[in-house]
Amino acid sequence: MEVLTPEEGRVAVQLARAVLEEKIGRKHVDYPALPPVFSEKRGVFVTLKKRGELRGCIGFPTPVYPLGQAISGAALAAALEDPRFPPLRAGELPEIRIEVTVLSVPVPLTCRASERPRNIMVGTHGLIVRGMGRSGLLLPQVPLEWGWDAPEFLDHTCLKAGLARGCWKDERVEVYTFEGQIFGE
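Basis of the calculations
- Residues numbered from 1 in each chain as written.
- Predicted model: local features only at pLDDT ≥ 70, side-chain atom pairs only at ≥ 80, totals over all residues.
- Heavy atoms only, no water.
- Phe/Tyr/Trp six-rings, centres within 6.5 Å; stacked < 30°, edge-to-face > 60°.
- Buried < 20%, exposed > 50% of the residue type's maximum accessible area, 1.4 Å probe, protein only.
- Pairing = 2+ DSSP bridges.
- Helix = DSSP H or I, 4+ residues; strand = E, 2+ residues; numbered from the N terminus.
- Core = buried A, V, L, I, M, F, W, Y, C linked by side-chain atoms within 4.5 Å.
- Contact = heavy atoms within 4.5 Å.
- Expected span 1.5 Å × (residues − 1).
- Axes fitted to C-alpha atoms, helices over the stretch in contact; angles between N-to-C directions.
- Parallel < 35°, antiparallel > 145°, perpendicular 65-115°, else oblique.
- Left-handed = near helix turned anticlockwise from the far one by under 90°.
- Nonpolar A, V, L, I, M, F, W, Y, C, P; charged D, E, K, R; others polar.

### Observations concerning the packing of aromatic side chains
- The final tally for this structure, using the stated rule, is two aromatic pairs.
- Where Phe60 meets Tyr65, the ring centres are 4.9 Å apart and the plane angle is 70 degrees; that geometry is what we call edge-to-face.
- Judged by relative accessible area, which is 33%, Tyr65 ranks as partly exposed.
- Arranged with centres 6.2 Å apart and planes meeting at 15 degrees, the rings of Trp146 and Trp148 form a pair that is stacked.

### Observations regarding the pairing of strand S6 (residues 134–138)
- Across five bridges, strand S5 (residues 125–131) lies against S6 in antiparallel orientation. Across the sheet, residue Gly131 finds its bridge partner in S6, namely Arg134.
- Here S5 folds back onto S6, and the loop between the two strands holds two residues, one of which, Met132, carries a positive phi near 55 degrees.

### Details of unusual backbone geometry
- If you check the backbone angles, Arg51 has positive phi at about 55 degrees while not being a glycine.
- Residue classification places Arg51 among the exposed positions, given a relative accessible area of 66%.
- A positive phi is found at Met132, a non-glycine position, where the angle reads about 55 degrees.
- On the secondary structure map, Met132 appears in the loop between S5 and S6.
- Residue Met132 is classed as exposed on the basis of its relative accessible area, which comes to 60%.

### Describing the nonpolar core
- If you look at the biggest cluster of nonpolar residues, it comprises 28 residues, and the most contacted ones within it are Leu20, Phe38, Leu48, Ile71, Ile98 and Val100.
- Breaking this core down by element, the ones donating at least two residues are helix H1 (6–23), strand S1 (43–50), helix H2 (67–80) and strand S3 (96–103).
- Leave out the neighbours within four places in its chain, and Leu20 touches Gly25, Leu48, Ala75, Leu76, Ala79, Leu93 and Ile98.
- Counting residues in each nonpolar core, the second largest holds 26 residues, with Leu127, Val129, Leu139 and Phe153 among its members.

### Describing the environment of Gly147
- Positionally, Gly147 belongs in the loop between helix H3 (142–146) and helix H4 (150–160).
- As a C-alpha pair, Gly147 and Val122 span 25 residues in sequence and 9.6 Å in three-dimensional space.

### Considering H1
- End to end, H1 covers 26 Å across 18 residues, agreeing with the expected 26 Å (1.5 Å per residue, within 8%).
- Within the sequence span of H1, burial applies to Glu8, Gly9, Val11, Ala12, Val13, Leu15, Ala16, Arg17, Ala18, Val19, Leu20 and Glu21.

### Topic: the packing of H1 against H2
- Two numbers describe how H1 lies on H2: the axes approach to 9 Å, and their chain directions differ by 50 degrees. In terms of their interaxial angle, H1 and H2 are classed as oblique. In the crossing of H1 with H2, the sense of the turn from one axis to the other is right-handed. Of the residues in H2, those touching H1 at Ala12, Leu15, Ala16, Val19, Leu20 and Lys23 are Gly68, Ile71, Ser72, Ala75, Leu76 and Ala79.
- A per-class count over the contact of H1 with H2 returns nine nonpolar, two polar and one charged.

Structure, rendered in structure tokens:
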């Protein structure tokens, strides 16, 4: 995956902000000009924080949409459709800080289940856990924010999937890693 430049990262965040200002704030906004990389399919998550606390986070773990479309859709979904929070109101927009995480393609951890913690780089890898008809994802920055080591990161990803802590020790449960470029306001 070709990494985005710092300027392309700034454009990603500007695009997410423009979508929220227009669709939720009902303002006329000028959208940033999108560099060519924004037409490439990429996985992306948009995280919204209010006073440092999570206010919404939704995205696309795999590259199913062009980056520009994925950012726009994820920003709006994070604001309006994250089931953990009520829909974002226009009056909250000045307090919202936006973070865009552009993802690499997830790859399965092919080691034995017992070796998974040793094959995860906390702070570099994000995780996806899939098993028993469920799936959960945590971004690379999450374990750093909470001070987790690799086994705790795996446990919390299991919990995010609605599975039991420690389910990652089961060979039938799949674990994927990915990396993310993080851009924020």
